[in-house]
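Analysis of the macromolecular model
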Amino acid sequence: FCAATLRGLVRDRALLFGLDALDDWELREWLLRHGARQSTVDAPFIKAWYDLAFALTELHEYDKAVAAFARALAINPKYTNAYYDKGLALMHLNRFYEAVGAFDNALSIDPDFADSHYYRGLALVALNRRSEAVEAFDAVLALVPGSADAAFHKGGSLFDLGNYKPAADAFSLAIEHN
């Protein structure tokens, strides 16, 4: 990034004629023209969209946050935390089906992202897909064996499915680790 900036300043004679020589170039295009890597150029823009989305989430402006997370993901479709946080924002909007998709995207990049498994499980509970929710909570427990929350929600899902003995075991685990 710094080397590309210096090369560009010299080649475009900005050191002689001032930064006005750069006005004809959009900054990202200018940096790429002078050898910066796409990922380096995109990083501040991705972070800005992600931080905007996160701030909007904190302000409870979830629709706007979802749109901003989508912009960050358009720049970098491998941004695991953006998928995860987009899923959380979608849950606040009661858009559970879409939230499951966001968590699935995060997990396709990082299968060991325990929080994505956990919130995926909660979204599946909201969709009344209890068997799949149990699998999600099992994934959390495989990654974080002492997760009282995952054990509790697994127990609730098993209970709702009429699997009372495994539900009791899960509730016991939740009590043990709480």
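Model, not experiment: these values are computed from the prediction.

Here helix 8 (residues 114-126) crosses helix 10 (residues 148-160) at 25°, and the two axes come no closer than 11 Å. If you check the angle between helix 8 and helix 10, you find them roughly parallel. Crossing geometry of helix 8 relative to helix 10 is assigned as left-handed. Facing helix 8, whose interface residues are Tyr-118, Leu-122 and Val-125, helix 10 presents Asp-149, Ala-150, His-153 and Ser-157. Its residues assigned to classes, the contact of helix 8 with helix 10 shows 4 nonpolar, 2 polar and 1 charged.

With that settled, consider the environment of Ala-72. Turning to its location among the elements, Ala-72 is positioned in helix 5 (residues 62-75). The class of Ala-72 is buried, set by a relative accessible area of 0%. In this structure, the C-alpha to C-alpha distance between Ala-72 and Lys-47, residues 25 residues apart in sequence, is 7.4 Å. Setting aside residues up to four positions removed in sequence, Ala-72 forms contacts with Ile-46, Trp-49 and Tyr-50.

The rules we used
Residues numbered from 1 in each chain as written. Predicted model: local features only at pLDDT ≥ 70, side-chain atom pairs only at ≥ 80, totals over all residues. Heavy atoms only, no water. Axes fitted to C-alpha atoms, helices over the stretch in contact; angles between N-to-C directions. Helix = DSSP H or I, 4+ residues; strand = E, 2+ residues; numbered from the N terminus. Parallel < 35°, antiparallel > 145°, perpendicular 65-115°, else oblique. Left-handed = near helix turned anticlockwise from the far one by under 90°. Contact = heavy atoms within 4.5 Å. Nonpolar A, V, L, I, M, F, W, Y, C, P; charged D, E, K, R; others polar. Buried < 20%, exposed > 50% of the residue type's maximum accessible area, 1.4 Å probe, protein only.

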